[in-house]
Amino acid sequence: MLSKSCEYAIRSIVFIAQNGSMEKKIGIKTLAKELDLPYPYLGKILQNLTKNNIIQGVKGPGGGFFLNEECKQTKIIRIIEVMDGLDFFTQCGLGLKNCSEEHPCPLHNDLKIYRDGLWELFNAKTIKDLVRSIDSGSSFIINL
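What you see is a predicted model, and the numbers here were worked out from it, not measured in a lab. (Residues numbered from 1 in each chain as written. Predicted model: local features only at pLDDT ≥ 70, side-chain atom pairs only at ≥ 80, totals over all residues. Heavy atoms only, no water.)

Peer 1: Tell me about the overall build of the protein chain, and name the residues and values.
Peer 2: Check the secondary structure of the protein chain and you find 7 helices and 2 strands. Mapped in sequence order, the helices and strands of the protein chain form the string α-α-α-β-β-α-α-α-α. A buried classification covers 35% of the 144 residues belonging to the protein chain. Sequence-distant contacts in the protein chain: of pairs separated by 6 or more residues, those separated by 24 or more amount to 64%. Only carbon and sulfur atoms are counted for the fraction: they give 53% of the accessible area of the protein chain, which is about 9,000 Å². Counting 18 positive and 16 negative side-chain charges, the protein chain places the centres of these two groups 8 Å from one another. (Helix = DSSP H or I, 4+ residues; strand = E, 2+ residues; numbered from the N terminus. Buried < 20%, exposed > 50% of the residue type's maximum accessible area, 1.4 Å probe, protein only. Contact = heavy atoms within 4.5 Å. Areas by Shrake-Rupley, 256 points an atom, 1.4 Å probe, with all protein chains shown as cover. Lys, Arg positive; Asp, Glu negative; His and termini not counted. Charge placed at Lys NZ, Arg CZ, Asp CG, Glu CD.)

Peer 1: Which residues make up the pattern of salt bridges, and what values go with them?
Peer 2: Summed over all chains, the structure comprises 7 salt bridges. For Lys 72, the salt bridge identified is with Glu 69, shortest N-O distance 3.3 Å. With Lys 72 and Glu 69 both in helix H4 (residues 69-72) and 3 residues apart, the pair spans about one turn of that helix. On the basis of relative accessibility, which here comes to 46%, the residue Glu 69 falls in the partly exposed class. In this structure, Glu 101 and Lys 112 form a salt bridge, with 3.9 Å as the shortest nitrogen-oxygen distance. You can see Glu 101 sitting in the loop between helix H5 (76-83) and helix H6 (108-124) and its partner Lys 112 sitting in helix H6, a full 11 residues away along the chain. Under the relative-accessibility criterion, Glu 101 is labelled partly exposed at 47%. Several salt bridges share partner residues, and in doing so they unite Glu 69, Lys 72 and Lys 128 into one network. (Salt bridge = Lys/Arg side-chain N within 4 Å of Asp/Glu carboxyl O.)

Peer 1: Run through a nonpolar patch on the surface, naming residues and quoting values.
Peer 2: A cluster of nonpolar side chains, contributed by Leu 94, Leu 96 and Leu 107, occupies part of the molecular surface with about 250 Å² of accessible area. Considering the arrangement of structural elements, one finds Leu 94 in the loop between H5 and H6. Leu 94 sits in the partly exposed class, given a relative accessible area of 44%. (Patch = residues over 30% accessible without salt bridge, like charges linked within 9 Å, V, L, I, M, F, W, Y side chains within 5 Å.)

Peer 1: So what about the nonpolar core? Which residues, and what values?
Peer 2: Leu 46, Leu 49, Ile 55 and Ile 79 are the most contacted members of the largest nonpolar core, which totals 36 residues. Sorting the residues of this core by element identifies helix H1 (4-19), helix H2 (28-35), helix H3 (39-51), H5 and helix H7 (127-135) as the ones contributing at least two each. Residue contributions to this core peak at 9 residues, all from H1. Discounting residues that sit within four places of it in the chain, Ile 55 has contacts with Ile 13, Ile 16, Leu 46, Leu 49, Thr 50, Phe 65, Phe 66 and Leu 67. (Core = buried A, V, L, I, M, F, W, Y, C linked by side-chain atoms within 4.5 Å.)

In short, the description is geometric, and any link to function would need to be established separately.
The following block contains the structure:
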């Protein structure tokens with residue numbers, strides 16, 4: 001459902017939020033290694049996230065990435081919007097251009113239930129919520 005870019009973005013943001021701070025910035029090499037992500041591809045993702053004020057980045061020696069407290073309140077739907085766009089939540093599941101509430105395709109009403117549920121989930125959860133889940137030990141972000 002989410003693109004690889006979006007998955008990598010969310011994983012990276014959560015890792016940075018959990019392990020970094022203004023005093024302890026996370027470098028791209030550390031992120032790529034810890035999360036087992038391709039370094040050059042990750043660079044483009046992080047650049048996009050910085051440009052859209054989802055994470056903060058500092059260049060040069062001692063540089064790296066971190067999230068301020070305000071950014072930790074970013075909802076997951078915002079990350080999806082930046083990385084993938086929100087078309088998934090409105091497009092027809094069969095790719096029909098004229099599919100709508102008034103003129104539904106055969107899957108429209110069934111898919112609407114799931115799309116609406118995902119929208120609510122992603123619109124309710126914040127980066128901080130995901131970090132809290134990891135910190136409590138009920139979930140993980142790094143493959144073992």
